[in-house]
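# Coordinates in review
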Amino acid sequence: MSIETNDPELFQPMSAECLRQQEDLELIASENYVSADVLEALGSVLTNKYAEGLPGKRYYGGCQHVDVVEDIARNRALALFAGSEGVNVQPHSGAQANAAVYLAALKAGDTILGLDLSNGGHLTHGSPANSSGKLYRAVHYKVNDEGRIDLDQVRDIARRERPRLLMTGASAYPRHWDWAAFRSIADEVGAVLVADIAHVAGLVAAGLHPTPFGHCDYVTTTTHKTLRGPRGGMAFARADLMKGLNSAVFPGTQGGPLMHVIAAKAVAFREALAPAFTTYQAQVLTNAQAMATRLTERGFRLVSGGTDNHLMLIDLSDAPYSGKDAEAVLGSVGITVNKNTVPNEKRSPFVTSGIRVGTPAMTTRGLTAVDAARVADLFADALEQRDDAERLADVRAEVHALCGRHPVPA
Ligand SMILES: *Cc1c(COP(=O)(O)O)cnc(C)c1O
C-alpha cells in the first residue's frame, strides 16, 4: 500500500519534485532540506490527534503522549535560544506566529512600524495586502543609500508616528540587526519591540548572528529556513507576556495544533543543539562570503555591498534584463532562485530588478567555499551568455554534475 500504487496521478508530481530537489541547485535563501528523522516525524500518526490547548490543559482526551512531545519541543526551543523565557511551538507558519503576536500586543487600528517590503521587509510587517496592514495602521522605515538600516531614520519615524509596536527582522536584508539600538528607540516611544528572525534563526541559535533575546519583548521565527526543521513557526515572549501570547495562538488565531509538525520541530531542535549544527551554520556563512566575493568580482552589485548572513540581494537595476528574466534563465540551467524587489525598485513586484540568493540549502548538501565560488561563476556565466543555447547547456550540465556529487541528505 503506497501512494505509488494507489494514486499514480499524485505520485507522478511528487516523485518529479523529489528528482528536481536532487538534480537542481537550490539558491532560494528561505529553503533547506530536512533530515530523514524530521520527515519521519512529519509522516507519523501524530497527525491524527486533536490537542487544542497546551500540555496539561487540553480540550481533548487522549493527549497524554502528545503532551510529552510538545513539552520536549518547548524545552528544546528554549535551550536553543539563550535568554529566551517562554515559547509557543504551535504556530503553523511564520505568518501565523506574527499574527498571534500582533493579536496579543495590539488593538485594531494601533500603529506598527516595520521595514518596508521592497526594502527587504516581509508581507506580515504591515503590507496593505496582509492582515497586518489591514487591521493595524502600518508605517515603514527604509534602508539608506548604502542599503543599510538607518537608526536615525527609524528614531525619527518612531518619534513622529508613535508606534505601539516596533517590528524588526526581514526576508531580504543581508546585514546584522542592532537590537540594543532598537530597544532604546522602542523605550523612548513606549513601543513593544518584536524581532522576526524567520531567516536568521539558525545563525542566532548557533551564536553566529546577534541575538534579539534580552532586547525584544517577542521573538517570532519560522522553523524551516536556516533552522532546517519542518515547515512551521513559533513565537517566544518574555515570561510575563506568555499567557497573552498563548491565548492569541489558540483560540485567537488557530485551532488544533499540528502535533506531527511539533514532533518534527522537536527533532530539528535536537539536531540544532548538536555541535555539528554550529559547524554547518559557520559553513553557511563561509559559503555566502565566497559567493558574494565572486559575484562582486564578476561585476554584480550586491545591495549593501555584501553580506553578514546567509543571503545576498543582487541589484540588477542597471542590467539589460529584469529579476524575472534572470530567474527564468537561471531556472533553465537548474539554478533555482527567486526574483526580489530591491531598494528604490522601479519595476513591479512580479518583474523586479533583483535576485535573492542564499547558501543554507547548498551547504546542507555539503558544498564548500570552493564550490560556492564556482556556483557564483555558473550564475554569472548563465546570465552573461543567456542568448547562447550551447553555453547554457554546458552550465546546466555542470550544475547537474555538481549536484550529483552532493546528494541531498535523507
Ligand atoms: C518567511 C518569513 C515569514 C513567513 O513565514 P511563513 O512560514 O512563510 O508564513 C515571516 N517573516 C519573515 C521575515 C520571513 O522571512
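So, here is what we can say about the structure in this document. (Residues numbered from 1 in each chain as written. Predicted model: local features only at pLDDT ≥ 70, side-chain atom pairs only at ≥ 80, totals over all residues. Heavy atoms only, no water.)

This part is about the sheet that holds strand β12 (residues 311-315). Spatially, four strands are ordered β11-β12-β15-β14 in an open sheet, and the strand pairing comes out antiparallel. Of all strands in the sheet, those with a lone pairing partner are β11 (301-302) and β14 (338-340), marking the two edges. (Pairing = 2+ DSSP bridges. Helix = DSSP H or I, 4+ residues; strand = E, 2+ residues; numbered from the N terminus.)

Turning next to the site of the ligand. By nearness alone, 13 residues border the ligand, and G94, A95, S171, D196 and K225 come closest of all. The side chain of S171 places a nitrogen or oxygen atom 2.8 Å from an oxygen atom of the ligand. Here the ligand loses 86% of its free accessible area of 390 Å² to cover by the protein chains. Take the shell around the ligand: its biggest share by element is three residues, from helix α5 (residues 94-105). Classifying every residue of the shell around the ligand gives three nonpolar, eight polar and two charged. (Near = heavy atom within 4 Å. Polar contact = N/O pair within 3.5 Å; in protein donor to acceptor, adjacent residues only side chain to side chain. Areas by Shrake-Rupley, 256 points an atom, 1.4 Å probe, with all protein chains shown as cover. Nonpolar A, V, L, I, M, F, W, Y, C, P; charged D, E, K, R; others polar.)

Considering all chains together, one arrives at 12 aromatic pairs under this definition. Taking 5.8 Å as the distance between ring centres and 45° as the angle between the ring planes, the aromatic pair formed by Y141 and F182 counts as tilted. Pair noted here: Y141 is in strand β6 (residues 137-141) and F182 is in helix α8 (residues 179-189), with a separation of 41 residues, a long-range link. The class for Y141 is buried, based on a relative accessible area of 0%. Aromatic ring contacts, followed pair by pair, group Y141, Y173, W177, W179 and F182 into a single cluster. (Phe/Tyr/Trp six-rings, centres within 6.5 Å; stacked < 30°, edge-to-face > 60°. Buried < 20%, exposed > 50% of the residue type's maximum accessible area, 1.4 Å probe, protein only.)

Let us look at unusual backbone geometry. Here the amide bond leading from F250 into P251 is cis, since omega sits at 5°, within 30 degrees of zero. Although it is not a glycine, R162 adopts a positive phi angle of roughly 50°. Looking at the secondary structure, you find R162 in the loop between α7 (151-161) and β7 (165-168). Owing to a relative accessible area of 47%, R162 belongs among the partly exposed residues under this scheme.

Attention shifts here to the sheet that holds strand β4 (residues 86-88). Across the sheet, seven strands lie side by side as β4-β10-β9-β8-β7-β5-β6; this open sheet has mixed pairing. If you trace the sheet from one side to the other, it starts and ends with β4 and β6, each paired once. Between one strand and the next, the sheet's axes are offset by a mean angle of 20°, whatever the strand orientation. Bridge analysis of strand β5 (residues 111-115) against β6 gives five bridges, and the strand direction is parallel. Within β6, the position partnered with I112 by the bridge is A138. In this fold α5 packs onto β5, β7, β8 (192-196), β9 (218-222) and β10 (233-237), with an angle of close to 160° to the strand it touches most, β9. Its contacts with the sheet place helix α10 (residues 242-253) against β4, β9 and β10, and it is angled at close to 5° to β4. (Axes fitted to C-alpha atoms, helices over the stretch in contact; angles between N-to-C directions. Contact = heavy atoms within 4.5 Å.)

Counting residues in hydrophobic clusters, the biggest one holds 59 residues, and the most contacted among them are F81, Y141, L166, W177, I197 and M234. No other element matches helix α11 (residues 259-273), which puts nine residues into this core. Composition of this core by domain shows at least three residues from each of domain 1 (38-272) and domain 2 (276-405). With 37 residues, the next largest nonpolar core counts A292, L316, F379 and V399 among its residues. (Core = buried A, V, L, I, M, F, W, Y, C linked by side-chain atoms within 4.5 Å. Domains from an automatic or database assignment.)

In total, this model carries 24 salt bridges according to the counting rule given. Residue D377 pairs with R294 through a salt bridge whose shortest N-O separation is 3.0 Å. Separated by 83 residues along the polypeptide, D377 in helix α15 (residues 369-384) and R294 in helix α12 (residues 275-297) bring together distant segments of the chain. Sharing partners across several salt bridges, the network here consists of R294, E297, R298, D377, D381, E384, R391 and D394. (Salt bridge = Lys/Arg side-chain N within 4 Å of Asp/Glu carboxyl O.)

A few words on the packing of α5 against α10. It is the contact of α5 with α10, at a shortest axis distance of 8 Å, that shows an interaxial angle of 115°. α10 is crossed by α5, and the crossing has right-handed handedness. In this structure, α5 uses Q96, A99, A100, V101, L103 and A104 to contact α10, whose residues at the interface are G244, L245, A248, V249, G252 and T253. (Left-handed = near helix turned anticlockwise from the far one by under 90°.)

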